Amino acid sequence: MSASAVIVLCLIWTVIHFVARSLSHHDGALLPTNTRNRAGRQRIKVQVEWVHLKIETASWNQYHDALIGQLSSKRYHAQQVALKLLYNVGVAVGIMGMLCATGILVWSCATMVGGLGQPRLSKRDLGSQQVGSTKPPLVQAIIPGVTAPFSHIIPMLSALFCSQLIHELGHAISSALEAIPMQSAGVALTLIIPSAFVAFPAGYIDTLKPLAKARVIAAGPWHNAVGWIILLVLGWLQLSYHLMTLLGYENISDVGRVVISVQSRTTLRDYLPPGSIITMVDDLRLSGDEETWTSYLTMPRTPMEMMGWCVPGPAFLDSPETCCVEDVSVSLLSCFTNGNEQGCVDAVPLLTKPKENIRCQADFECSGNSLCVRPDTVAHLFRLTVRFPDWKENDEEDVVLWHGPRKEVWQEVKIGILRPRINLLPLWLPSLVYLKMAMLSLFLFNLLPLPYLDGSQLLDALLDMIGHGHIAPDNYDIELGNDGADAGAAALHWRWKSTVRRIVRGGTLAAFTACILLASWNAV
């Protein structure tokens with residue numbers, strides 16, 4: 001994060017604290033939402049502590065109560081049965097998700113332990129596999145400015161917040177199905193990370209039967225899983241593409257690929273402004289086939305140029321060959337070859353001015369004593385033919401010359417085929433990649449059996465279902481007529497449940513902590 005971003009963040013939180021403190025003097029941090037009816041008005045509670053903002057309201061309780069009334073009536077009995085069946089499926093998916101999330105956590109931890117001392121985090125290219133000399137961990141952290149462009153932070157946080165709203169909607173609907181009143185709902189902001197929540201009166205969920213309790217707990221992750229599946233189907237049917245074309249985007253795939261963003265720490269950012277159209281990579285056109293960009297830039301070996309350039313033969317043959325030695329740089333000269341001989345040539349004027357230089361495939365195509373040369377593979381030269389954002393008014397193309405591994409361009413430049421027709425529309429809007437990532441990540445992460453997560457409570461409900469009960473010895477009432485054998489069985493189940501819960505939670509917490517430490521080490 002740059003210094004300017006830190007300053008802006010500090011100013012934002014200063015304003016938040018100032019506004020919250022000013023409001024607290026008027027109404028104790030309780031803000032009316034309807035000033036015309038003070039007796040029946042709903043109130044919003046605002047709390048600010050350091051870099052944590054919490055806004056809570058009971059305004060939505062009336063709608064939740066109305067939903068409880070509808071689902072409890074005989075008129076909507078069929079809908080109630082259908083919803084219970086749907087959320088029972090959610091419980092089964094939640095169990096599988098918990099096992100899958102725990103397995104991924106352990107596998108990722110083991111992979112990172114085995115990869116200590118090897119190359120570290122690589123930057124991420126959305127919609128593509130990562131490349132590298134080592135096998136990446138099963139789960140790759142998405143860190144703005146490290147593994148993803150910092151410029152993507154707005155769509156990433158927007159996707160996260162949208163996923164959390166869908167998650168909490170699942171808890172709200174399933175709780176109404178079990179006639180649990182809602183205490184409040186709200187949103188929160190921790191530093192720059194938004195979140196949403198619904199709260200229920202303490203103890204209500206614990207009074208439910210194990211299956212009903214599991215339905216309420218698993219409903220949030222289940223909604224995220226359904227959302228992820230819907231997004232996959234939309235992508236498969238290309239419905240999102242057609243929607244974007246109706247909302248003001250145009251398909252430029254017949255011209256090339258639009259630059260959506262460029263990693264902030266790369267020099268390419270100065271030469272590839274967002275909105276530019278990349279029409280060619282070296283001599284390959286990007287129009288049509290979507291795989292050209294990825295397949296060409298991720299080839300394990302640098303391909304030789306299909307066509308060369310005519311250069312004066314004597315000057316080429318008399319030039320030093322020191323630039324053809326790996327990791328040796330001689331001014332702006334780069335290593336070229338004509339198949340038999342190597343020489344050093346100033347690549348910038350030769351490769352970036354196509355109208356001033358003659359292309360060739362062999363020496364006989366060049367006039368006089370000129371030779372047909374191509375960049376040697378050790379030169380690591382790569383050309384991007386670009387039309388800049390005003391390309392509709394100016395149809396000229398420029399050539400950007402890149403020196404270095406081609407895969408870095410693939411990792412640091414995010415491209416697409418949809419370009420906004422008006423400048424007010426963001427370039428990143430057509431991409432649903434972050435939303436799909438957020439849906440799947442929230443589904444898996446919340447099902448980890450860790451404290452304060454849905455997975456921990458779902459584990460308790462599952463243990464109650466296995467033990468055919470959910471009453472702790474401390475809550476056992478002898479006046480209910482239970483005999484000593486039942487009390488002993490309840491006590492045995494409680495001790496067994498506590499032991500299993502301790503082992504699972506402790507092991508998961510240890511693996512989670514190890515993953516964070518190892519990921520931090522790899523990111524250094």
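Residues numbered from 1 in each chain as written. Predicted model: local features only at pLDDT ≥ 70, side-chain atom pairs only at ≥ 80, totals over all residues. Heavy atoms only, no water.

Engineer: Sorry, what's going on with the overall build of the protein chain here?
Structural biologist: Within the protein chain one finds 13 helices and 18 strands. Of all 524 residues assigned to the protein chain, the portion counted as buried reaches 41%. In the protein chain, of all internal contacts separated by at least 6 residues, the share reaching a separation of at least 24 is 70%. Element-wise, carbon and sulfur atoms account for 62% of the exposed surface of the protein chain, whose accessible area totals about 28800 Å². (Helix = DSSP H or I, 4+ residues; strand = E, 2+ residues; numbered from the N terminus. Buried < 20%, exposed > 50% of the residue type's maximum accessible area, 1.4 Å probe, protein only. Contact = heavy atoms within 4.5 Å. Areas by Shrake-Rupley, 256 points an atom, 1.4 Å probe, with all protein chains shown as cover.)

Engineer: Help me out: how do you make sense of the sheet that holds strand 12 (residues 342–346) in this one?
Structural biologist: Across the sheet, 5 strands lie side by side as 12-11-14-10-13; this open sheet has antiparallel pairing. Every other strand in the sheet has two partners, leaving strand 12 and strand 13 (359–360) as the edge strands with one partner each. Of the pairings in the sheet, the one linking strand 10 (residues 308–312) to strand 13 comprises 2 bridges and is antiparallel in character. Bridged to tryptophan 309 within strand 13 is arginine 359. (Pairing = 2+ DSSP bridges.)

Engineer: Teacher, can you tell me more about the state of the cysteines here?
Structural biologist: When the sulfur atoms of two cysteines share a covalent bond, that bond is a disulfide. Taken as a whole and judged by the stated rule, the model has 4 disulfides. One disulfide in the model links cysteine 323 with cysteine 344; its S-S distance is 1.9 Å. Given an S-S torsion of about -115°, the disulfide between cysteine 323 and cysteine 344 has left-handed geometry. A residue pair is termed long-range when its members are at least 10 positions apart, and cysteine 323 in the loop between helix 8 (313–318) and strand 11 (333–337) and cysteine 344 in strand 12 qualify at 21 residues. Cysteine 344 sits in the buried class, given a relative accessible area of 8%. Across a sulfur-sulfur distance of 2.0 Å, cysteine 324 and cysteine 335 are joined as a disulfide pair. (Disulfide = S-S within 2.5 Å.)

Engineer: How should I be thinking about the nonpolar core in this particular structure?
Structural biologist: Side chains of a nonpolar character, in soluble globular proteins, are inclined to be buried together. By size, the foremost hydrophobic cluster in this structure holds 33 residues, and its most contacted members are Met98, Phe443, Leu448 and Leu458. At the level of elements, helix 2 (61–72), helix 3 (77–114), helix 4 (153–177), helix 5 (210–237), helix 11 (433–446), helix 12 (454–467) and helix 13 (484–523) are the ones that each hand at least two residues to this core. Tallying contributions element by element places helix 3 first for this core, with 9 residues. Not counting residues up to four positions away in its chain, the partners in contact with leucine 448 are Ala101, Thr102, Leu105, Leu453, Gly455, Ser456, Thr508 and Phe512. (Core = buried A, V, L, I, M, F, W, Y, C linked by side-chain atoms within 4.5 Å.)

Engineer: Looking at this structure, I do not really get the pairing of strand 14 (residues 370–375). What am I missing?
Structural biologist: Burial analysis of strand 14 places 6 of its 6 residues in the buried class, the great majority of the element. Judged by which residues are buried, strand 14 turns out to be covered on both faces: Ser370, Cys372 and Arg374 on one side and Leu371, Val373 and Pro375 on the other are all buried. Bridge count for strand 10 against strand 14 is 4 bridges, and the pairing is antiparallel. Each residue of the ladder has a partner; that of proline 312, found in strand 14, is serine 370. With 2 bridges joining them, strand 11 and strand 14 adopt antiparallel strand pairing. Residue pairing across strands places threonine 337 opposite arginine 374, the latter belonging to strand 14.

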